[in-house]
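Topology and contacts: notes
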Amino acid sequence: MSKTMLITGASRGIGAACARLAAARGWDVAVNYAGNAEAADAVCAEVRACGRHAAAIQADVAEEAQVMALYDAVDRKFGRLDAVINNAGIVALQSRLEDMSGERIQRVLAVNVFGAFMVAREAVRRMSTERGGAGGAIVNMSSAASRIGSPNEYIDYAATKGAMDSMTIGLAREVAGVGVRVNAVRPGIIETEIHALGGEPGRCARMGPGLPIGRSGTAEEVAAVALWLVSDEASYVTGALVDVTGGR
Ligand code: NAP
């Protein structure tokens, strides 16, 4: 039986790239998405084209009940869970803190922090050898924003990734003895649609040339690191925060 990976926010961008690479490496993939069913179905079709099992499962990770239902669906459809890429995340319009509404800050924290915690909790409940699981690996999709702070753009978002880094370090130590490895990837400026959500679709073109490596990165370059972290090649890696930033 092949191994199963759940990827949250896998209908587009980095999550979709992880799903494609996972399938190419022999994983069955549960493709979570928020609203874009068509895009999620297209990713599932690509996974199946690699001869692997795929299922698109809608859930807003900011809602505990929906995360529980997401995992129930994974249990039902796949019958096992070996890795989770905790990837779903949002930014809001670029803004200074003094101009941010409370509602906006609450939503960014709800998806990026509360959601990430719920997704990680349910993963550990299934993977922990103490709870009858077979062990596994979690990769949290953090951001270089956690150490840069994203001034004048979205410090709320940056702070959610700081929380994710702390969660990665603490959870990794908590579950290292029960067969679960937990690591984070911290991408820099990566070509996806998230920048349009922040109000600047051309952000990669603006910032890429000024980066130490001279360009923005691709979702595939991030996926390669995430897939390495869940692989057996990374069997002694846990609690690591891996920058994928072209030197930023
Ligand atoms: P993206 O292209 O905007 O894709 C976001 C994905 O997350 C979509 O699949 C979306 O689903 C899903 N999603 C959004 N809100 C959700 C929710 N509440 N519940 C479940 N799924 C939800 O973003 P991306 O650039 O690939 O980013 C992926 C992750 O990498 C995020 O955590 C982001 O913070 C992180 N990251 C990105 C960059 C970058 O430069 N791109 C840099 C550093 C870190 P729908 O399609 O259904 O909307």
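Structure first, text after, so check above.
What this report covers is the structure whose coordinates are included nearby. Per chain, the residues get numbers from 1 upward, laid out in the order the sequence is written. Only residues with pLDDT of 70 or above have their local features reported here, since the model is predicted, and side-chain atom pairs are shown and tallied only from 80 upward, although totals for entire chains, interfaces and linings are computed over all residues. Side-chain descriptors were evaluated using all non-hydrogen atoms of the structure, hydrogens and water having been removed beforehand.

Right, let's talk about the site of the ligand for a bit. If even one non-hydrogen atom of a residue comes within 4 Å of a molecule or strand, that residue is called near it. Taken together, 33 residues form the shell around the ligand, and within it S11, G35, N87, Y157 and T192 come nearest. Counted as a polar contact is a pair of N or O atoms within 3.5 Å, where, for protein atoms, one must be capable of donating a hydrogen and the other of accepting one, and residues adjacent in sequence contribute only when both atoms are in side chains. In this structure, an oxygen atom belonging to the ligand sits 2.8 Å away from a main-chain N or O atom of N36. Between Y157 and the ligand, the recorded distance is 2.6 Å, taken from a side-chain N or O atom to an oxygen atom. Alone, the ligand offers 910 Å² of accessible surface; in the complex the protein occludes 95% of this. Here the ligand occupies the largest pocket. Within the residue set of the shell around the ligand, elements represented by two or more residues are α1 (13–24), β2 (28–33), α4 (102–127), α6 (155–175) and α7 (194–197). In terms of residue class, the shell around the ligand is built from 15 nonpolar, 13 polar and 5 charged. Reported accessibility uses the Shrake-Rupley method at a 1.4 Å probe radius. Residues are deemed covered only where the shown protein chains occlude them. Grid points spaced at 1 Å over the protein atoms alone were grouped into cavities, where a 1.4 Å probe fits but cannot get out, and pockets, open sets with protein on both sides within 12 Å along at least five of seven lines, with lining residues defined by an atom within 4 Å of a point. A molecule is counted as occupying a cavity or pocket when more than half of its atoms fall within 2 Å of that pocket's grid points. Going along the chain from the N terminus, every DSSP run of H or I of four or more residues is numbered as a helix, and every run of E of two or more is numbered as a strand. Only Asp, Glu, Lys and Arg are considered charged in this grouping, and only Ala, Val, Leu, Ile, Met, Phe, Trp, Tyr, Cys and Pro are considered nonpolar; every other residue, Gly among them, is considered polar.

Attention now moves to α4. Compared with the 38 Å implied by 1.5 Å per residue over 26 residues, the 36 Å span of α4 between its first and last C-alpha is a close match. Within α4, the axis deviates most sharply at A110, by approximately 35°. In this scheme, a helix's expected span is set at 1.5 Å multiplied by one less than its residue total. In this analysis the local bend is the angle between axes fitted, respectively, to the seven residues ending at and the seven residues starting at the residue.

Time to look at helix α9 (residues 219–230). The terminal C-alpha atoms of α9, which comprises 12 residues, lie 17 Å apart, in line with the 16 Å expected from a rise of 1.5 Å per residue. Only protein chains enter the accessibility calculation, which uses a 1.4 Å probe; a residue is then buried when its area is under 20% of its type maximum, exposed when over 50%, and partly exposed in between. Residues of α9 that are buried: A219, V222, A223, V225, A226, L227, L229 and V230.

If you look at the biggest cluster of nonpolar residues, it comprises 35 residues, and the most contacted ones within it are M5, I85 and V185. Contributing elements (two or more residues each) for this core: β1 (4–7), α1, β2, α2 (37–49), β4 (83–86), β5 (136–141) and α9. The leading source of residues in this core is α9, at 8 residues. When sequence neighbours within four positions are dropped, the list of residues in contact with I85 reads M5, L6, I7, T8, C18, V139, M141, A226 and L227. Residue types Ala, Val, Leu, Ile, Met, Phe, Trp, Tyr and Cys, when buried and joined through side-chain atoms within 4.5 Å, form a set referred to as a nonpolar core. Contact between two residues is taken to exist if any of their heavy atoms lie within 4.5 Å; hydrogens are not considered.

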